[in-house]
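The lines below spell out each chain.
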Amino acid sequence: MQYKNGCTLQGHEVVRGGESVRGRGSSLPGTESQAEGKSAGLEGGKPAPNDPINLERRVGLLSGVALIVGTMIGSGIFVSPKGLLQRTGSVALSLIVWGACGCLSLLGALCYVELGCMIPSSGAEHTYYQTAFGHLPAFLFAWVSIIILKPAMLAIICLSFSKYLVEAFASECEPPLMAIQLLGALTIVIITFINSYSVTLATKVQNVFTAAKLLAILIIVVGGMVKLAQGNTQYLATGFKGSTNSLGDVATAFYSGLWAYDGWNNLNYVTEELKKPYTNLPRAIIIGLPLVTICYLLVNVSYLAVMSPDELLASETVAVLFGGRLFGIAGQVVMICSVVMSTFGSANGSCFTAGRLCFVAAREGHMVDVLSYVHAKKLTPSPALLFNATIALLMVIPSDIGSLIDFFSFTAWIFYGGAMAALLVMRHTMKEAPRPYKVPIFIPIVVLIISVYLVVGPIIDSPQIEYLYASLFIIAGLIFYFPFVYMKKSLPGMGHVTTFFQLLLQVVPTDVMPDA
């Protein structure tokens, strides 16, 4: 193995940052790439020895469903019931919001099916923005998502994981904050190692932990149904008593609920690694979203069959209290283990997709070159995964889960609305593009209107400093876009930095992305 300009690394060409050949994106629909939809590349499998270096198609239908369901069902259903009930003020309105969040997520996901089948490239919103609007909106999305949204999601889930796990050993005492932070940081490190080591290992972990969390939810639902059958309906019977009249409160209640549903778009981030994407993308979403919605509604009904609204609001670990009421100490232990497994699986899925977004953005020149490199042997985007983990570790320090959720939801729905706008634009600018799946036009319009409400409503009714921070951070991306992306400037010494990390991490640049 030689190391010099123009030399090779593990049989692949090594080039310095700023001189490497980045992928230029797949052919757009309407070219020969769509005609090859049933090619071996789409079917999946390992590349031939002399194939270009790229990510492999190793995610099947089962793993796709597990990625969606496993990422969505994480800490949200164990953390969000309190925030959502508190903001709606009543049992009936909270259940309506839970159901509405599921319907909204499904509508959004159906729009993403059309986008993902029309443009079968990884990167989700980043790819769609670039196709519909150009480089600037795509860069701003990547800027906010890679620096804030994706690391924040990983930090939130890992903090929830560590809080529940530490709670199991803290007895009656309040868990020490330092222990929660350290365990959360360790969890981030472990999950990043798994995803950097092997895509196959990461998908197997996702499949196993998804099955475990569905079993845990089944236990909660069955226990709640038994209590309802015994006549414990007094808490559900309170109905709309105490419902809020504030539109801002309803919007922020949606934030809590939609945080629990977030992840419905995750499969679009890994489309290039999905086997038979035109078939498996819609199937995975149609299976995953209704399953999660039904689970969430039944779990909330089960909670209210055992605990009063006041008890639910007073508890920071709702699932543990539920298990204790039904089965005593054994129930608490089971629920703690269930939550731990659920949140770990969700964090694994979040890490998996975050790395792919960073990888795609760097490949298109919106991040530094080395983030678009993959490991020479394992073909995992390890630099992008490590970058995401580093920022997530910094976010563990404040440990304010509630503020992180509000910040995340506010910013995320700006970009979800943008994806709906991109779909509407491409209906006019790419009329002839093949669309294996075409969503009714009213659906993206409805989701766009709701996303505007979710962004504007809280600002008008109850402005918070997080919303200002989010807006300023988006605008701050312009400072980096014009010199480094538009004018293609680079900092002195970046070539040496890229080469250093290339040799340290044993990574190589990817070739042009294979046609889908």
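Presented here is a report on the structure given in the accompanying data block. For every chain, the first residue of the written sequence is number 1, and numbering continues from 1 along that sequence. For this predicted model, a pLDDT threshold of at least 70 governs which residues receive local features, and a threshold of 80 or more governs which side-chain atom pairs are given and counted, while totals over whole chains, interfaces and linings are taken from all residues. Values shown for side chains rest on all heavy atoms present in the structure; no hydrogens or waters enter the calculation.

## Considerations on a nonpolar patch on the surface
Step number 1: The residues that make up patches have over 30% relative accessible area and no salt bridge, and they are joined within 9 Å when like-charged or within 5 Å when they are Val, Leu, Ile, Met, Phe, Trp or Tyr. Only the protein chains shown count as cover for residues, with accessible areas throughout obtained via the Shrake-Rupley method and a probe of 1.4 Å. The term salt bridge refers to a pairing of a side-chain nitrogen on Lys or Arg with a carboxyl oxygen on Asp or Glu at a separation within 4 Å. The grouping of I465, L468, Y469, L472, I475, L478, F482, Y486 and M487 at the surface amounts to a nonpolar patch, some 920 Å² of accessible area in total.
Step number 2: Relative to the assigned elements, L472 resides in helix α18 (residues 465-486).
Step number 3: Only protein chains enter the accessibility calculation, which uses a 1.4 Å probe. A residue is then buried if its area is under 20% of the maximum for its type, exposed if over 50%, and partly exposed in between. For L472, a relative accessible area of 47% translates into the label partly exposed. Working definition: helices are DSSP H or I runs of at least four residues, strands are E runs of at least two. Numbering for both runs from the N terminus.

## Side note on the environment of S162
Step number 1: As for its position among the elements, S162 is in helix α7 (residues 135-167).
Step number 2: For S162, a relative accessible area of 0% puts it in the buried group.
Step number 3: Separated by 22 residues in the primary sequence, S162 and G184 have C-alpha atoms spaced 5.2 Å apart.
Step number 4: In this view, S162 contacts I180, L183 and G184; residues no more than four positions away in its chain are not counted.
Step number 5: Two N or O atoms count as a polar contact when they lie within 3.5 Å, although within protein this holds only if one can serve as hydrogen donor and the other as acceptor, and sequence-adjacent residues are included solely when both atoms are side-chain atoms. A polar contact is formed between the side chain of S162 and the backbone oxygen of L159, at a distance of 2.9 Å. Contacts are residue-level and defined by heavy atoms, with any inter-residue pair within 4.5 Å sufficient.

## Some words on the pattern of salt bridges
Side chains that differ in sign of charge can pair as their charged atoms come close.
Step number 1: Following the criterion strictly, the structure yields 5 salt bridges and no others.
Step number 2: A salt bridge links E272 to R363; its shortest N-O distance comes to 2.8 Å. Of this pair, E272 sits in the loop between α10 (247-261) and α11 (277-306) while R363 is found in helix α14 (residues 329-363), placing the two residues 91 residues apart along the sequence. For the pair E272 and R363, a shared accessibility class is recorded, and that class is buried.
Step number 3: Note that R356 and E273 form a salt bridge whose closest N and O atoms lie 2.7 Å from each other.

## Overview of the environment of I391
Step number 1: Looking at the element boundaries, I391 is found in helix α15 (residues 382-395).
Step number 2: Sequence separation between I391 and I146 is 245 residues; the distance between their C-alpha atoms is 8.9 Å.
Step number 3: Each residue touching I391, except ones within four places of it in the same chain, is listed here: I146, I147 and P151.

## What to know about the packing of helix α9 (residues 199-229) against α11
Step number 1: Two elements in contact, α9 and α11, have axes separated by 8 Å at closest approach and are oriented at 45°. Judged by the inter-axis angle, α9 sits oblique to α11. Judged by the sense of rotation from one axis to the other, the crossing of α9 with α11 is left-handed. Only L291, C295, L298, V299, V301, S302, Y303, A305 and V306 of α11 make contact with α9, whose side of the interface consists of L214, I217, I220, V221, G224, M225, K227 and L228.
Step number 2: A breakdown of the residues in the contact of α9 with α11 according to their chemical character gives 14 nonpolar, 2 polar and 1 charged. An axis is simply a line fitted to the C-alpha atoms; with a helix, the fit covers only the stretch in contact. Between two such axes, the angle follows the N-to-C directions and lies from 0 to 180 degrees. Angles are sorted into four bins: roughly parallel if under 35 degrees, roughly antiparallel if over 145, roughly perpendicular if 65 to 115, and oblique for all others. In this scheme the handedness of a crossing depends on how the near helix is turned from the far one: anticlockwise by less than a right angle means left-handed, clockwise means right-handed. Put simply, Ala, Val, Leu, Ile, Met, Phe, Trp, Tyr, Cys and Pro go in the nonpolar bin, Asp, Glu, Lys and Arg in the charged bin, and everything else, Gly too, in the polar bin.

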